Amino acid sequence: MAPLRRAEPSPVSVAPAAPPTVSVTPAAAELIRSLRGQHGPLMFHQSGGCCDGSAPMCYPAGEFRTGSSDVLLAALEIEGVAEPVEFWMSAAQWELWKHTRLTIDVVPGRGSGFSLEAPEGLRFLTRSHLAT
């Protein structure tokens, strides 16, 4: 696994042979493209808090202020999106999940009012799988 960085805006590089730390399902990619069209460049942050805080939150890029307690896990390349979509997680949460691969998916339902997909009747969801 590539070393992770804290609170830096440039992408993390992953060794070509390593599976990505974060990936997206086709349904999530479609929603990301739609949200990008409506809101411009995007970012994700997952805090690991309770309730909706444990779901990945989608914001306009730079709207959620990251700091030294956050880790940039990936710069997601989404077909049809001009720029990478950064995926951040709180360092405390990543410490618990660092042995997993994460997949961002989307499911019906209403998530947090702060995440951009809330008005769409959908919510992003993180699925984790043990890294092998």
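About the thresholds
- Residues numbered from 1 in each chain as written.
- Predicted model: local features only at pLDDT ≥ 70, side-chain atom pairs only at ≥ 80, totals over all residues.
- Heavy atoms only, no water.
- Helix = DSSP H or I, 4+ residues; strand = E, 2+ residues; numbered from the N terminus.
- Buried < 20%, exposed > 50% of the residue type's maximum accessible area, 1.4 Å probe, protein only.
- Contact = heavy atoms within 4.5 Å.
- Areas by Shrake-Rupley, 256 points an atom, 1.4 Å probe, with all protein chains shown as cover.
- Pairing = 2+ DSSP bridges.
- Axes fitted to C-alpha atoms, helices over the stretch in contact; angles between N-to-C directions.
- Salt bridge = Lys/Arg side-chain N within 4 Å of Asp/Glu carboxyl O.
- Expected span 1.5 Å × (residues − 1).
- Arc of directions from axis to C-beta.

Check the secondary structure of the protein and you find two helices and eight strands. The linear arrangement of helices and strands in the protein, starting from the amino end, is β-β-α-β-β-β-β-α-β-β. Per-residue burial over the protein gives 45% buried out of 132 residues. For the protein, the proportion of contacts with a sequence separation of at least 24, taken over those separated by at least 6, is 57%. Total accessible area on the protein is roughly 6,900 Å²; 56% of this is exposed by carbon and sulfur atoms.

Moving on: the sheet that holds strand β8 (residues 122-130). Strand pairing in a sheet takes place through backbone hydrogen bonds and is either antiparallel or parallel in direction. In spatial order, the strands read β2-β7-β8; together these three strands make up an open sheet with mixed pairing. Here the strands that pair on one side only, and so sit at the sheet edges, are β2 (22-24) and β8. Across the sheet, the axes of successive neighbouring strands diverge by a mean angle of 25°, strand direction being ignored. Inspection of the sheet shows β2 paired to strand β7 (residues 100-108) by three bridges, in the parallel sense. Bridge pairing links V24 to I104 in β7. Where helix α1 (residues 26-39) meets the sheet, it contacts β2, β7 and β8, and its direction lies at approximately 70° from that of β7.

This brings us to the pattern of salt bridges. Per the stated rule, a full pass over the model turns up three salt bridges. The shortest N-O distance in the salt bridge between E83 and R36 comes to 2.6 Å. Of this pair, E83 sits in the loop between β5 (70-76) and β6 (85-90) while R36 sits in helix α1, and the two are 47 residues apart along the sequence. Residue classification places R36 among the partly exposed positions, given a relative accessible area of 24%. Measuring nitrogen to oxygen at the nearest pair gives 2.6 Å for the salt bridge that ties E95 to K98. When its relative accessible area of 29% is taken as the criterion, K98 is described as partly exposed.

Over its 14 residues, α1 runs 20 Å from end to end, which matches the ideal 20 Å to within 8%, given 1.5 Å per residue. All buried positions along α1 are accounted for by A28, A29, L31, I32 and L35. Looking down the long axis of α1, one finds its buried residues gathered within 165° of arc, a one-sided arrangement. Exposed residues lying more than 90 degrees from the buried face of α1 are P26, E30 and G37. Elements in contact with the buried residues of α1: β2, β3 (42-46), β4 (57-60), β6, β7 and β8. Where α1 ends, the next residue or the one after it, G40, has phi of about 85°, a positive value.

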